[in-house]
Amino acid sequence: MDTTARTPDGTTPAEGPADQLARQLALVLPALYRALDRRVDADFPHAKPAEGQIALMRLIRDRAGITVREAAEVLLVKPNNLSATVTQMAAAGLVERRRDPDDKRVTHLHLTPTAAERTHAVDELIGGYVEQALAGLSDGERGALGAAVGALHLLERGLHPSAS
């Protein structure tokens, strides 16, 4: 049982506002992800790809022709693990590997039309859920969230290992 003394706002006397914000963000961001993921699971008309596969499909959509090594670096996974995922996705008809014309050892990744449609469908569902939730907030709350998006991107970059 935690017997640490806490102030009325939930912080310990040694914590400051930055400590509290860090803890709150670390709790709320995964909870938002889980809520969205559960909604998509319930409403997506196909077998929903794993989140790692969706992240890879979004990356390939945005950077068609990316290599496995480049994708692994961006997604913070080991290249051999991502290669296994790509093999599974290629077998499922979601990703195409195309040999580099200048270096036959290198393959470039491209989405199949099916994967592009499904990635778009998942993104549309998520966008609709968030729009619906935002509609229930005040103008000030929506403004605060809008202002925070840029800072959250900077925070993500600061947490990325290659930023060190």
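Numbers given to residues run from 1 along each chain, matching the order in which its sequence is written. Per-residue local features are limited, in this predicted model, to residues with pLDDT of at least 70; the limit for side-chain atom pairs, both in listing and counting, is 80 or more; totals at the level of whole chains, interfaces and linings are taken over all residues. Excluding hydrogens and water, the side-chain figures rest on all heavy atoms present in the structure.

Undergrad: Looking at this structure, how should I read unusual backbone geometry?
TA: Backbone geometry follows two general trends: most residues other than glycine have a negative phi, and most peptide bonds adopt the trans configuration. Of note in the backbone geometry, leucine 76 takes a positive phi value of approximately 60 degrees without being a glycine. Tracing the sequence through the fold places leucine 76 in the loop between α3 (68-75) and α4 (79-91). Secondary structure elements are defined from DSSP: runs of H or I of at least 4 residues count as helices, runs of E of at least 2 residues count as strands, and each element is numbered from the N terminus.

Undergrad: Is there a simple way to explain the layout of surface pockets in this structure?
TA: Here the idea is plain: a probe the size of a water molecule rolls over the atoms and shows the empty space left. Whether a set of points on the 1 Å grid over the protein atoms alone is a cavity depends on a 1.4 Å probe fitting there but being unable to get out, while an open set qualifies as a pocket with protein on both sides within 12 Å along at least five of seven lines; lining residues are those with an atom within 4 Å of a point. Grid points are joined across faces, edges and corners, and a volume is the space filled by probe spheres set on the points. If you add up the space inside the largest pocket, you get close to 1,800 Å³. Leu29, Leu32, Tyr33, Leu36 and Leu152 are the residues nearest the centre of the largest pocket, which is lined by 33 residues in total. Looking at the lining of the largest pocket, the elements with two or more residues in it are α1 (17-43), α2 (51-62), α5 (113-135) and α6 (139-159). Classes in brief: Ala, Val, Leu, Ile, Met, Phe, Trp, Tyr, Cys and Pro nonpolar; Asp, Glu, Lys and Arg charged; the others, Gly included, polar. Taken together, the residues that form the lining of the largest pocket break down as 25 nonpolar, one polar and seven charged.

Undergrad: So what exactly am I meant to see when it comes to the environment of glycine 93 here?
TA: Mapping glycine 93 onto the fold places it in the loop between α4 and β1 (95-99). Spatially, the C-alpha atoms of glycine 93 and threonine 114 are 7.5 Å apart, while their sequence positions differ by 21 residues. Note on definitions: a residue-residue contact is assigned when non-hydrogen atoms from the two residues lie within 4.5 Å. Apart from the residues lying within four places of it in its own chain, the contact partners of glycine 93 are Thr112 and Thr114.

Undergrad: Mind showing me how you'd approach a nonpolar patch on the surface here?
TA: Judged by side-chain polarity, Val28, Leu29, Leu32, Leu152, Leu155 and Leu159 come together as a nonpolar surface patch covering roughly 520 Å² of accessible area. Sorting the residues of the nonpolar patch by element identifies α1 and α6 as the ones contributing at least two each. Following the sequence through the fold, leucine 29 ends up in helix α1. The buried label goes to any residue with under 20% of its type's maximum accessible area, the exposed label to any with over 50%, and the partly exposed label to all in between, with areas taken from a 1.4 Å probe on protein chains only. Judged by relative accessible area, leucine 29 falls into the partly exposed class, the value being 37%. Patch construction takes residues with relative accessible area above 30% that form no salt bridge. Like charges are linked within 9 Å, and nonpolar side chains (Val, Leu, Ile, Met, Phe, Trp, Tyr) are linked within 5 Å. Here, Shrake-Rupley sampling with a 1.4 Å probe gives the accessible areas, and only protein chains in the shown set may cover a residue. Whenever a carboxyl oxygen of Asp or Glu lies within 4 Å of a side-chain nitrogen of Lys or Arg, that contact is scored as a salt bridge.

Undergrad: What exactly am I supposed to notice about the nonpolar core here?
TA: Soluble globular proteins tend to bury their nonpolar side chains together. Residues Leu56, Met57, Ile60, Leu82, Val86, Val95 and Leu109 are the most contacted members of the largest nonpolar core, which totals 21 residues. Put simply, the parts of the chain that give this core at least two residues each are α2, α3, α4, β2 (107-111) and α5. Of the residues forming this core, the biggest block, five residues, is contributed by α2. Working definition of a nonpolar core: buried Ala, Val, Leu, Ile, Met, Phe, Trp, Tyr and Cys residues. They are joined through side-chain atoms within 4.5 Å.

Undergrad: Would you mind showing me how to read the side chain of threonine 119 here?
TA: Considering the arrangement of structural elements, one finds threonine 119 in helix α5. Within the local environment of threonine 119, its side chain forms a polar contact with the backbone oxygen of alanine 115, the two atoms lying 2.8 Å apart. Setting aside residues up to four positions removed in sequence, threonine 119 forms contacts with Met57, Arg58, Arg61 and Leu111. Two N or O atoms form a polar contact when they lie within 3.5 Å of each other; inside protein one atom must be a possible hydrogen donor and the other a possible acceptor, and for residues adjacent in sequence the pair counts only when both atoms belong to side chains.

Undergrad: How should the pairing of β2 be read in this particular structure?
TA: In the case of a regular strand, side chains alternate between the two sheet surfaces. For β2, a buried count of five out of five residues is recorded, marking the element as mostly surrounded by other parts of the structure. Residues Thr107, Leu109 and Leu111 point to one face of β2 and His108 and His110 to the other, with burial holding for every one of them. Two elements, β1 and β2, share five bridges in a ladder whose sense is antiparallel. Along β2, the bridge assignment pairs arginine 99 with threonine 107. Think of it this way: DSSP has to see at least two bridges between two strands before they count as a pair.

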